[in-house]
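Chain by chain, the residues:
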Amino acid sequence: MSKPVIFCVIGTRPEAIKVAPVMLEFMNFSDVCTPMLISTGQHKEILYKSLETFGLKPNVDLAIMQHGSTLAQVTCRALEGLDNLVAEYQPSFMFGQGDTTTAMVAAMDAFYRNVPFGHIEAGLRTDDVRNPFPEEYNRRICAVSANLHFPPTTWSRDNLLKENRDPSTIFVTGNTGIDAVLLAAEQKDQPWYPEHQGRVVLLTTHRRENWGEPQRQIATAAKRLVEKFPDVLLVAAMHPNPTVRDVLLPILGNHDRIKLIEPPEYSQFVKLMQRSNMILSDSGGVQEEAPAFGIPVLVMRDTTERPEGVTAGTAKLVGTNEERIFQEGSSLLGDEAAYKAMANAVSPYGDGKASERIRFLVLKSLGIETPEVPMWE
Ligand code: UDP
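Residues numbered from 1 in each chain as written. Predicted model: local features only at pLDDT ≥ 70, side-chain atom pairs only at ≥ 80, totals over all residues. Heavy atoms only, no water.

Draft legend 1. Summary view of the overall build of the protein. Helix and strand counts for the protein come out as 15 helices and 12 strands. Taken over the C-alpha trace, the protein has a radius of gyration of 20 Å; the compact-globule value for 377 residues is 21 Å, and the two agree within 12%. Each of the three principal axes of the protein carries a C-alpha extent, and together these read 65 × 45 × 40 Å. Here the protein holds 377 residues, and the buried ones make up 58% of them. (Helix = DSSP H or I, 4+ residues; strand = E, 2+ residues; numbered from the N terminus. Rg over C-alpha atoms; globule rule 2.2 N^0.38 Å. Buried < 20%, exposed > 50% of the residue type's maximum accessible area, 1.4 Å probe, protein only.)

Draft legend 2. Spatial organisation of the site of the ligand. Around the ligand, a shell composed of 15 residues is seen, among which Arg-13, Ser-283, Gly-284, Gly-285 and Glu-289 lie nearest. One of the backbone N or O atoms of Gly-284 is found 2.8 Å from an oxygen atom in the ligand. Relative to its unbound accessible surface of 530 Å², the ligand loses 92% to contact with the protein. Of all the elements in the fold, those that place two or more residues in the shell around the ligand are helix H1 (13-27), helix H10 (266-275) and helix H11 (284-289). If you tally residues by element for the shell around the ligand, the top one is H11, at four residues. Class assignment of the residues belonging to the shell around the ligand gives a composition of eight nonpolar, four polar and three charged. (Near = heavy atom within 4 Å. Polar contact = N/O pair within 3.5 Å; in protein donor to acceptor, adjacent residues only side chain to side chain. Areas by Shrake-Rupley, 256 points an atom, 1.4 Å probe, with all protein chains shown as cover. Nonpolar A, V, L, I, M, F, W, Y, C, P; charged D, E, K, R; others polar.)

Draft legend 3. Molecular detail of the packing of helix H13 (residues 322-334) against helix H14 (residues 336-343). Two numbers describe how H13 lies on H14: the axes approach to 5 Å, and their chain directions differ by 95°. Comparing the axis directions of H13 and H14 gives the class roughly perpendicular. Of the residues in H14, those in contact with Ser-331, Leu-332 and Gly-334 of H13 are Glu-336, Ala-338, Tyr-339 and Met-342. Looking at the contact of H13 with H14 residue by residue, the classes come out as four nonpolar, two polar and one charged. (Axes fitted to C-alpha atoms, helices over the stretch in contact; angles between N-to-C directions. Parallel < 35°, antiparallel > 145°, perpendicular 65-115°, else oblique. Contact = heavy atoms within 4.5 Å.)

Draft legend 4. The arrangement of the state of the cysteines in detail. Here the structure, examined in full by the defined rule, presents zero disulfides. The closest cysteine sulfur to the non-disulfide-bonded Cys-8 is located on Cys-33, 8.9 Å from its own sulfur. Residue classification places Cys-8 among the buried positions, given a relative accessible area of 0%. Given a relative accessible area of 1%, Cys-33 falls into the buried group. (Disulfide = S-S within 2.5 Å.)

Draft legend 5. Region of the structure containing the pairing of strand S5 (residues 117-120). Of the two faces of S5, both are covered, the one formed by Phe-117 and His-119 as well as the one formed by Gly-118 and Ile-120. The pairing of S5 with strand S6 (residues 148-150) spans three bridges and is parallel. For Gly-118, the partnering residue across the bridge sits in S6 and is Leu-148. Note that the unit made of S5, helix H5 (residues 135-145) and S6 has a crossover that is right-handed. (Pairing = 2+ DSSP bridges. Right-handed = clockwise from strand over helix to strand, strands pointing away.)

Draft legend 6. Quick peek at the nonpolar core. Of all hydrophobic cores here, the largest spans 51 residues; its most connected members are Phe-95 and Val-362. Here this core gets seven residues from one element, more than from any other, and that element is H1. Counting residues in each nonpolar core, the second largest holds 30 residues, with Val-201, Phe-229, Leu-234 and Leu-248 among its members. (Core = buried A, V, L, I, M, F, W, Y, C linked by side-chain atoms within 4.5 Å.)

Draft legend 7. Main features of the sheet that holds strand S12 (residues 315-317). The sheet built from six strands is open, its strands ordered S9-S8-S7-S10-S11-S12 with parallel pairing. Two strands lie at the open edges of the sheet, namely strand S9 (258-261) and S12, each paired on one side alone. Neighbour to neighbour, the strand axes of the sheet diverge by 20° on average, direction disregarded. Looking at chain direction, strand S7 (residues 199-204) and strand S10 (residues 278-281) are connected through four bridges and run parallel. Considered in S10, the bridge of Thr-204 is made with Ser-281. Where H10 meets the sheet, it contacts S7, strand S8 (232-237), S9 and S10, and its direction lies at approximately 130° from that of S7.

Draft legend 8. Summary view of the environment of Gln-97. Locating Gln-97 in the fold gives a position in strand S4 (residues 93-97). Expressed as a C-alpha distance, the spacing of Gln-97 and Gly-11, which sit 86 residues apart in the sequence, is 9.5 Å. Residue contacts for Gln-97: discarding those within four places in its chain leaves Val-9, Pro-14, Glu-15, Lys-18, Val-19, Ala-103, His-119, Ile-120 and Glu-121. Polar side-chain contacts of Gln-97 include one of 3.3 Å to the side chain of Glu-121.

Draft legend 9. Structural context of the sheet that holds strand S3 (residues 60-61). Reading across the sheet, the six strands line up as S3-S2-S1-S4-S5-S6 and stay open at both edges, with parallel pairing between neighbours. Each end of this open sheet is capped by a strand with a single partner; those strands are S3 and S6. Two elements, S4 and S5, share four bridges in a ladder whose sense is parallel. Its bridge partner being in S5, Met-94 is matched across the sheet by Phe-117.

Draft legend 10. Structural context of the packing of aromatic side chains. This model, assessed by the stated rule, comprises seven aromatic pairs. Following the ring pairs from residue to residue traces out a cluster consisting of Phe-26, Phe-93, Phe-95 and Phe-150. Sitting over the ring of Phe-326, Arg-224 keeps its end group 4.0 Å from the ring centre. (Phe/Tyr/Trp six-rings, centres within 6.5 Å; stacked < 30°, edge-to-face > 60°. Lys NZ or Arg CZ within 6 Å of the ring centre and 35° of its normal.)

By themselves these figures say nothing about function.
Next up, the structure:
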């Protein structure tokens with residue numbers, strides 16, 4: 001009998017990072033299955049750079065992205081490209097991760113083609129389908145198609161239960177992003193700014209809803225923190241999007257304690273997080289990863305679909321108002337007790353075994369027994 005083909009569909013940097021450990025896990029069982037990494041190509045260089053950390057490359061890259069595409073165009077091209085691949089390779093199982101247009105397209109095509117679909121990082125929700133846009137919509141579509149839901153935490157599981165998803169299809173696995181960050185942390189050390197004796201504050205901001213004025217306020221607050229704390233080096237890992245750069249550069253450029261750097265390849269970014277004392281970010285992934293190393297994160301958004309970190313005390317939601325970010329940043333950098341309370345809080349996002357659990361559950365659903373790992377919660 002031929003081995004079942006498993007499609008791991010990705011399109012953007014965060015999906016590449018969070019699917020990589022799952023792909024590696026299936027590759028460890030390639031005597032019983034044939035995993036294929038399929039990229040729609042929503043992101044290009046940063047996706048390839050992230051996969052390098054794990055020694056992976058897509059088996060197929062649909063390269064759908066064209067300058068200035070609308071969401072509908074991205075959806076159409078990805079769906080058509082993926083559908084042709086499904087017809088050609090006849091996968092027995094398909095995965096999507098998270099909330100991108102690629103994940104939604106994978107879910108839709110799996111539904112049309114009647115291929116079982118597994119949703120990694122299932123159950124994250126805000127109560128507004130338009131916020132974040134279009135991610136909240138995408139993740140809800142994924143849930144409609146999924147035969148197996150892999151929520152990272154009990155909170156995300158409960159969101160699925162509230163939507164009346166079948167409990168026997170829902171498994172709390174932990175977040176595969178924690179598997180990824182722990183794998184990356186094992187890699188060779190990259191010394192970041194060894195000449196700098198003081199503290200490092202890392203800044204990442206890219207979210208669509210923060211483009212323009214919110215990002216201007218974020219950058220100004222970050223600069224004020226540098227000016228208030230003379231031992232602080234601010235490192236801004238700049239998203240390639242020109243809309244973001246056009247705002248950050250004029251505010252943060254030309255300062256001897258501010259480094260504006262190209263987005264580091266994943267394992268180096270992980271080392272940079274480990275070197276940091278505090279992180280200012282609007283990224284979903286960074287919010288989950290930083291607590292694995294005890295680094296406090298100020299989340300520059302008004303809502304988060306990752307409230308577990310806020311509840312556990314590893315992250316604080318500070319919005320995008322300049323004064324608020326400056327005040328919250330100042331209290332952390334200026335108050336050792338407040339800092340320690342956040343740094344010592346325990347990460348709620350996983351134990352690094354999510355991919356093993358997913359491999360066990362998916363292969364079991366295909367009638368293949370492999371070693372079992374107890375569930376995360
Ligand atoms: N990341 C990276 N280099 C960077 C910034 C982020 O490798 O310069 C990683 C980060 O560790 C996380 C992922 O990219 O795993 C998050 O991607 P992004 O912030 O683009 O998306 P989000 O998580 O907000 O969906």
